[in-house]
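Working through the structure, step by step
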Amino acid sequence: MDRRRFLINSSLAAMGGMTFSRYMLGAQMHWPPHGPGMPPPGSVSEAEIKAARFPKDFYWGTATAAYQVEGAWTADGKGESIWDRFSHVVGNIKGGDTGDVACDSYYRYPEDIAIMQQLHQKSVRFSVSWPRIQPMGTGNVNQKGLDHYSKVVDAMLKANLRPMCTLYHWDLPQALQDKGGWPNRDLYKYFADYAEIVTKALGDRVDTWAIFNEPWVFTFLGYGIGIHAPGLTGIDGFLKAAHTVNLAQGEAYRAMRAVSAKAKIGTAFSMSPGAPATDSTEDVAAARRFNAVNNVYFLDTALYGRYPDAFEGGIPYKKMGFREGDGEIMKAKLDWMGINYYNRHIISYAKDAEYGENFNAVMPHQGPITYNGWEVWPRGMYDIVTQMWKTYKLPIEITENGCAYSDGPLSDDPDKVPDARRTTFYREHLAELARAMRDGADVRGYHAWSILDNFEWAEGYSQRFGMTYIDFRTEKRTIKDSGHWYGRVSAAGRLDV
Ligand code: IFM
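In this text the structure is predicted, and so the values were computed from the model without any measurement.

Here we take up the site of the ligand. The local shell around the ligand consists of Q68, H169, W170, N213, E214, Y342, W374, E400, W449, E456, W457 and F465. Contact between the ligand and Q68: an oxygen atom at 2.7 Å from a side-chain N or O atom of the residue. The separation between an oxygen atom of the ligand and a polar side-chain atom of W457 is 2.8 Å. Isolated, the ligand exposes 280 Å² of accessible area, and the fraction of that covered by the protein chains is 99%. Across the shell around the ligand, the residue classes tally to 6 nonpolar, 3 polar and 3 charged.

This next bit is on unusual backbone geometry. Cis geometry marks the peptide bond from A229 to P230; its omega dihedral reads 5°. Counting through the fold element by element, P230 comes out in the loop between α11 (215–224) and α12 (235–259). A positive phi angle, close to 60°, is found at H120, a residue other than glycine.

The geometry of a pair of packed helices is captured by two quantities: the angle between their axes and the separation between those axes. Two numbers describe how helix α6 (residues 105–118) lies on helix α8 (residues 143–158): the axes approach to 10 Å, and their chain directions differ by 5°. Comparing their axes, α8 and α6 come out roughly parallel. Across the interface between the two elements, Y106, Y109 and I113 of α6 pack against H148, K151, V152, A155 and M156 of α8. Residues that form the contact of α6 with α8 fall into these classes: 6 nonpolar, 1 polar and 1 charged.

Time to look at the pairing of strand β14 (residues 476–479). Of the strand pairs in this sheet, strand β13 (residues 468–471) and β14 are connected by 4 bridges, and their pairing is antiparallel. Bridge assignment links T468 to a residue of β14, and that residue is I479.

Turning next to the pattern of salt bridges. Pairing between side chains of opposite charge can happen when the charged atoms of each approach one another. Tallying each qualifying case throughout the model produces 31 salt bridges. Its salt-bridge partner being E48, residue R438 comes within 3.2 Å of it at the nearest N-O pair. Placement of the pair is R438 in helix α18 (residues 420–438) and E48 in helix α3 (residues 46–51), with a sequence separation of 390 residues. Looking at E48, the relative accessible area reads 22%, which means it is partly exposed. K200 is the salt-bridge partner of E196, the closest N and O atoms lying 2.9 Å from each other. One end of the pair is E196 and the other is K200, both in helix α10 (residues 187–202) and 4 residues apart, which spans about a single turn. Linked through salt bridges whose partners overlap, the residues forming this network are D112, E475 and R477.

Definitions and cut-offs
Residues numbered from 1 in each chain as written. Predicted model: local features only at pLDDT ≥ 70, side-chain atom pairs only at ≥ 80, totals over all residues. Heavy atoms only, no water. Near = heavy atom within 4 Å. Polar contact = N/O pair within 3.5 Å; in protein donor to acceptor, adjacent residues only side chain to side chain. Areas by Shrake-Rupley, 256 points an atom, 1.4 Å probe, with all protein chains shown as cover. Nonpolar A, V, L, I, M, F, W, Y, C, P; charged D, E, K, R; others polar. Helix = DSSP H or I, 4+ residues; strand = E, 2+ residues; numbered from the N terminus. Axes fitted to C-alpha atoms, helices over the stretch in contact; angles between N-to-C directions. Parallel < 35°, antiparallel > 145°, perpendicular 65-115°, else oblique. Contact = heavy atoms within 4.5 Å. Pairing = 2+ DSSP bridges. Salt bridge = Lys/Arg side-chain N within 4 Å of Asp/Glu carboxyl O. Buried < 20%, exposed > 50% of the residue type's maximum accessible area, 1.4 Å probe, protein only.

In structure tokens, the structure reads:
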């Protein structure tokens, strides 16, 4: 069972009695209907696979995040993060796992980069840990933290990898949580200071930046329903956190731009196509609200300086702590948008008297299901990329796409990890991406999540998303069959390899 979705579904309790949007697994839901003579749901034809072509300068890449791979949680003057604090509380993470050691990539990054090089990679998405740079979240800069990332970036460049740096992938300094965390509006200025510090230190070598990773996920799961750090619940907290993050995105953008004119600045958004369950006016409007809150709640704010229409009954400005002039602060003329695509939803109207998103979002189980219960739906890649391209005409990078399967090394051949389902997943999603590009979408790169099995947040080490198997007792890395396949694809620019 996908615990994240399950818990979102049971969020009514977590929200202290208040109702909120309902995200559900739809094990019984078959949508759209399919019958005899139709291709297996969600699959992509061999003809499409063969037809897929990618430009020569396409950025073939993989992605990771600091807390999920680095370990070394107290090394070299690093401060405590909300994930250190949260994972150290028994019961928060499956199996009592923590990111204290994770993949040990803080020390083993040369080995990880060598794997990427072996797999003909051209881009690597990684994140900087804010508490390594500013242990208390404000003020004093920890030079050792900056030196570390400087070495990492040099190693990436030496391996001919484009470093794509994410400034915030969820590990807020605990000292800032002690001041109220993201619902505290002051954080938008603190974050911009941090963004400036990192851009000054790395901006001579890094030119592609993601300000945030999945702002909806970390504000909703962390402050709305409490299954991620810092584990808080409540509608007001979520709305306020989201608003501060929107302000921070604009303020950080300006701080970074002032340091580097050549920086290409975007954000990695979690996005999911949401089709209405029927063509009734109510379901169609509900699907629009789903798109507003789930996909573009942090994008329209940047591009237009205003919130999208996410709630029946209007935008709850008061609850958000919105002040006059905030529209201008939120604005950020992003150079590109990052799409993290994992699955689709089917949306129907649901009256939610206390709030106003008023939809049910169901993840169908029509396609194959991965180890964490997510439906495999390659067509969703085409749908979301095309939708975003047509709406915004901004260059796109796929900043994440991937799947959890538990395959491990063969007992009689420990250097081999057959994971055919993951290869099929990537083949079909990439074919759908190529089709979107053929139909006009300007997509510059693709980052598989992830190069390594790693710490999957509340799921600990139980979910393996990597193209490289990690033995978490020894930290031995073994490239899975899917990784070798992806290496051939990256070298050839084709999927029929
Ligand atoms: O592991 C996460 C990542 O940190 C953010 N996007 C989704 C991935 C898989 O759940």
